[in-house]
Amino acid sequence: MSTFAFCDKSLPYDVRARDLVNLMTLHEKVQQLGDLAYGVPRLGLPKYEWWSEALHGVSNVGPGTFFDHVVPGATTFPTVILTAASFNETLWKNIGQVVSTEARAMYNLGRAGLTFWSPNINVARDPRWGRILETPGEDPFVVGKYGSNYVRGLQDVEGSTDNQTDLNSRPLKVSSCCKHYAAYDVDNWHGVVREAFDAIVTEQDMVETLLPPFEMCVKEGDASSVMCSYNRVNGIPTCADPKLLNQTIRGDWDLHGYIVSDCDSIEVLADRHKYLNATPEEAVALTMKAGLDLDCGVYYTNFTETSVQQGKIREEDIDRSLKYLYLVLMRLGFFDGIPQYQSLGKNDICTNNNIQLAKQAATQGIVLLKNDDKTLPLNLQNVKTLALVGPHANATKATIGNYAGIPCRFRTPIDAFSSYVHVSYAIGCDVACSSNRSLVLIPAAIEAAKNSDATVIVAGIDLSIEAESKDRNDLLLPGYQAQFINQVANSSKGPVILVIMSGGGLDISFAKSNTNIKAILWAGYPGEEGGDAIADVVFGKYNPGGRLPITWYESDYVNHLPMTSMQLRPQDTLGFPGRTYKFFNGSTVYPFGYGLSYTKFSYKVSTISPKDSIFNVKLNRRFQHCRDMAYANQTSKPPCPAMLTQDLSCEGYGLGFEVEVQNVGSVDGSETVIVYSAPPEGIMGSYIKQVIGFEKVFVGAGDSQTLRFEFNLCKSLHIVDYNAYTLLPSGTHTVMIGDTGLSFPLRINFI
């Protein structure tokens, strides 16, 4: 082996990868194209399992990772939707760093791989989607920021930088994968399943909403892998679409890594989609030519050699994919090791610091939805006994959601609340809350509430209601949960606090309007430390500062449009109300970005540049041409409605301003400052507003902190028109600071 060039550490990775591939026979090559790469014993190349998962902690989903007596568990963080509610980029990256450290330690111990197919960065387009708990929410910018930060946390090697001429040689701590690309958010809705679904999507929606998170993940996060999804997009399976793969990911975005299929997607292409009536050999040729490098499955392994022999694909196509794969493994130190990670082991998993970060993530994400009469935080002097009731009052497995491994431990709500006060526990009913056995337990919960100083009801849904391969039909609590909650609330001696566990939103209007329910918290699925996080918020050890990353719609919303309609914009003729806060203008239970605090914050905007908030953009009319836009009132249309952003020198036009955040209350707290932009009035078919920036800041009581925001006009104020052109409109835009009513105009003139 010492004579093989691929073993020579002094040579560049691309030279070594090419040599390794060139040493293999055709049969040996195709044996490396599945998630289980069989290795080449005669070359000293070992087997490798590509499939491991790390959505919110090292998971045992996928054959590449397992737990046993050597590694009995790993830190399990909240599911992504709750972590996203923190709106804290630093936290997102820190979680990735901890997960990758534990993953490296498990790899050293022979319990994990180095390639983790996470995160899930599909935009949560419809509230019924069963996998919302895995995602960072409904805003493409926020989703992209989460993805790029988490990927950086997973991949970046401490001390290394991107200041290299060839990013394909940048070392990787572990490899991440942005999935599921693209237009994937229907799993199983009224018999329509993801393996057969054809997402009919306009190019406008693709460019504006569904693709940007992946572009940010690849460009800003420098992700080393992208996974294509099961579904078709406009008739073409994503894993066989050269425009989506070769042209966009590999070409426009310059991926430094490999493209992998969702598991068995090539088989799904042939057997479920029956795309072009392709034989297995034709299916592998279609996908590999489109840019798919690795098959999570056996189709590449079983049929690629025959496909070459039938003349359907070239061996050099296989060589190209294998080089991408081995470049990633070389960057991971699979062949040479990475010295600074060699000493990681069992003592680096489930450390106290890691466990505390899991708790911090849960507390930062918890959203305070209601707090009448300043009921929260509860005063321990007034609460000596607490009734703790509801389906999740003693939750363990439910707190960690899906794509989880074995947690270091579970801190249940009972564990946590019992450390504060004497607890009277009664489940009342389970999540389904429908069987006779469940209903007979309700009186015990009511009795506990009658005899306690305060009552905490921990209710909601779980993976039996929303999960992979399981979409929801409605937005209501299951069974008799709502009646159970009202019965307990109306019988309670003391104040009632409702804690909701869920991924997607729920119509809890009944609780919002029930004056006996004084406070409501949303806790997502809060991870292994979830109980402590909830109790700490209830008793004021932590002041909640989370914000909803999704809209909570009223239950009637689902009656107005089928989940299978991919349309985002409202369509009055069909009664479609529009999707996400960007396009939906109806009433909500709780809007995107909503969240209360135990204190009060005030904002003050200052130091805006340019000071007059007017940008006069001088055009060269010979080369730069105005673009038309549809206006509701043609008389209000500017002489030059818009310009293609690619035709403008956008770097020369930046907007900067400062926001002073003052804590005018009596409690320390964290505030999320979300900045939106709204387009000039009258433009037809545009969004209502969109997030262009956000920042989390801690402010002590009576203190203030000043945040500086910088925006590029083309990136932050653009509009994607129906033709999928990215345009910068002229006219008066509006920049809004949260939902405070604080805003200022920004005028763009093309001259």
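Everything numeric here is computed off the predicted structure, so don't read it as measured data.

Visitor: Requested: an account of the overall build of the chain, with residues and values cited.
Guide: The number of helices and strands found in the chain is 21 helices and 29 strands. Relative to the compact-globule value of 27 Å for 751 residues, the chain shows a C-alpha radius of gyration of 27 Å, a close match. Dimensions of the chain, computed from C-alpha atoms along their principal axes, come out at roughly 80 × 70 × 50 Å. When each of the 751 residues of the chain is scored for burial, the buried share is 61%. Expressed as a percentage of contacts within the chain between residues at least 6 apart in sequence, the contacts between residues at least 24 apart total 77%. Carbon and sulfur atoms make up 49% of the accessible area of the chain, which totals about 27,200 Å². Computed over 63 positive and 79 negative side-chain charges, the inter-centroid distance for the chain is 3 Å.

Visitor: Can you lay out the environment of Val 421 for me, pointing to particular residues and giving the numbers?
Guide: Mapped onto the elements of the fold, Val 421 is located in the loop between helix 14 (413-418) and strand 13 (422-426). Under the relative-accessibility criterion, Val 421 is labelled buried at 8%. Separated by 37 residues in sequence, Val 421 and Lys 384 place their C-alpha atoms 5.8 Å apart. Among residues more than four places away in sequence, those in contact with Val 421 are Leu 380, Val 383, Lys 384, Leu 386 and Phe 539.

Visitor: Residues and numbers for the state of the cysteines, please.
Guide: Tallying each qualifying case throughout the model produces seven disulfides. Cys 178 shares a disulfide with Cys 217; S-S distance 2.0 Å. Of note, the bridge from Cys 178 to Cys 217 carries an S-S torsion of about -65° and is left-handed in sense. Within this pair, whereas Cys 178 is found in strand 3 (residues 178-181), its partner Cys 217 is found in helix 7 (residues 212-219), the two being separated by 39 residues in sequence. A sulfur-sulfur separation of 1.8 Å characterises the disulfide bridge that pairs Cys 650 with Cys 714. Across the S-S bond of Cys 650 and Cys 714 the torsion is about -75°, and the bridge reads as left-handed. Here Cys 650 is found in the loop between strand 21 (642-644) and strand 22 (654-663), whereas its partner Cys 714 is found in helix 21 (residues 713-716), with 64 residues between them in sequence. Residue Cys 650 shares its accessibility class with Cys 714, and that shared class is buried.

Visitor: Run through the sheet that holds strand 3, naming residues and quoting values.
Guide: If you walk across this open sheet you meet the three strands as 3-7-10, and the pairing is parallel. Of all the strands in the sheet, just strand 3 and strand 10 (258-261) have a single pairing partner and so form its edges. Adjacent strand axes in the sheet meet at a mean angle of 25°, parallel and antiparallel pairs treated alike. Where strand 3 meets strand 7 (residues 225-228), two bridges bridge the pair, whose relative direction is parallel. Paired with Cys 178 across the strands is Val 226, a residue of strand 7. Packed on one face of the sheet, helix 7 meets strand 3 and strand 7 and runs near 150° to strand 3.

Visitor: Can you lay out the packing of aromatic side chains for me, pointing to particular residues and giving the numbers?
Guide: Remark: the centre distance and the inter-plane angle together describe each pair of aromatic rings, the angle taken between the planes. On inspection of all chains with the given rule, the structure shows 33 aromatic pairs. For the pair Tyr 48 and Trp 50, a centre-to-centre distance of 5.2 Å together with 85° between the ring planes defines the contact as edge-to-face. Grouping residues by exposure puts Tyr 48 and Trp 50 together as buried. On the basis of an interplanar angle of 85° and a centroid distance of 6.2 Å, the ring pair of Trp 522 and Trp 552 is categorised as edge-to-face. Linking Trp 522 in strand 16 (residues 517-522) with Trp 552 in strand 17 (residues 552-553), this pair joins segments that are 30 residues apart in sequence.

Visitor: Can you tell me about helix 8 (residues 243-252), naming the residues and giving the values?
Guide: For helix 8, the full list of buried residues reads Leu 244, Leu 245, Thr 248, Ile 249 and Arg 250. Take helix 8 and look down its axis: the buried residues cluster within an arc of 160°, on one side only. Tucked inside the fold, the buried residues of helix 8 contact strand 3, helix 6 (203-210), strand 7, strand 10, helix 10 (280-290) and helix 12 (315-331). Of the residues trailing helix 8, Asp 254 is marked for its positive phi of about 60°.

Visitor: Pulling in residues and values, what's your account of the nonpolar core?
Guide: Judged by nonpolar contacts, the single largest core of 158 residues is most densely connected at Trp 117, Tyr 181, Phe 417, Phe 484, Ile 508, Trp 522 and Trp 552. Tallying contributions element by element places helix 12 first for this core, with eight residues. Those residues in contact with Phe 484 that sit more than four places away from it in its chain are Val 389, Gly 390, Pro 391, Ile 427, Gly 428, Cys 429, Cys 433, Ile 442, Ala 445 and Ile 457. Grouped together as the second largest cluster of nonpolar side chains are 41 residues, Val 58, Ala 112, Tyr 150 and Tyr 676 included.

Visitor: Quick one: what's the story with the side chain of Asn 231, residue by residue and with numbers?
Guide: Among the secondary structure elements, Asn 231 is positioned in the loop between strand 7 and strand 8 (232-233). Separated by 3.4 Å, the side chain of Asn 231 and the backbone oxygen of Ala 183 make a polar contact. In this structure Asn 231 touches Ala 182, Ala 183, Tyr 184, Arg 194, Phe 197, Ala 199, Ile 236, Pro 237, Thr 238 and His 273, once residues within four positions along its chain are discounted.

Visitor: So what about unusual backbone geometry? Which residues, and what values?
Guide: Geometrically, the link from Leu 376 to Pro 377 is a cis peptide bond, its omega value of 0° lying close to zero. Mapped onto the elements, Pro 377 comes out in the loop between strand 11 (367-371) and strand 12 (385-389). Here the residue pair Ser 609 and Pro 610 is connected by a cis peptide bond, since its omega of 0° sits within 30 degrees of zero. Structurally, Pro 610 can be placed in the loop between strand 19 (601-609) and strand 20 (614-617). We note that His 190 has phi near 50°; this positive angle belongs to a residue other than glycine. Relative to the helices and strands, His 190 is located in the loop between strand 4 (188-189) and strand 5 (192-193). The exposed category is assigned to His 190, whose relative accessible area is 58%. Phi angles above zero are rare outside glycine, and Thr 580 is one such case at about 65°. Position of Thr 580 relative to the elements: it lies in helix 20 (residues 580-583). For Thr 580, a relative accessible area of 3% translates into the label buried.

Visitor: Go over the sheet that holds strand 26 (residues 719-720), please, and point to the residues and values.
Guide: Sheet architecture is open: three strands sit in the order 21-27-26, paired in antiparallel fashion. At either margin of the open sheet sits one strand with a lone partner, and together these are strand 21 and strand 26. Where strand 26 and strand 27 (residues 726-729) come together, two bridges link them in antiparallel fashion. Across the sheet, the residue bridging to Val 720 is Thr 726, located in strand 27.

Quick notes on the rules
Residues numbered from 1 in each chain as written. Predicted model: local features only at pLDDT ≥ 70, side-chain atom pairs only at ≥ 80, totals over all residues. Heavy atoms only, no water. Helix = DSSP H or I, 4+ residues; strand = E, 2+ residues; numbered from the N terminus. Rg over C-alpha atoms; globule rule 2.2 N^0.38 Å. Buried < 20%, exposed > 50% of the residue type's maximum accessible area, 1.4 Å probe, protein only. Contact = heavy atoms within 4.5 Å. Areas by Shrake-Rupley, 256 points an atom, 1.4 Å probe, with all protein chains shown as cover. Lys, Arg positive; Asp, Glu negative; His and termini not counted. Charge placed at Lys NZ, Arg CZ, Asp CG, Glu CD. Disulfide = S-S within 2.5 Å. Pairing = 2+ DSSP bridges. Axes fitted to C-alpha atoms, helices over the stretch in contact; angles between N-to-C directions. Phe/Tyr/Trp six-rings, centres within 6.5 Å; stacked < 30°, edge-to-face > 60°. Arc of directions from axis to C-beta. Core = buried A, V, L, I, M, F, W, Y, C linked by side-chain atoms within 4.5 Å. Polar contact = N/O pair within 3.5 Å; in protein donor to acceptor, adjacent residues only side chain to side chain.

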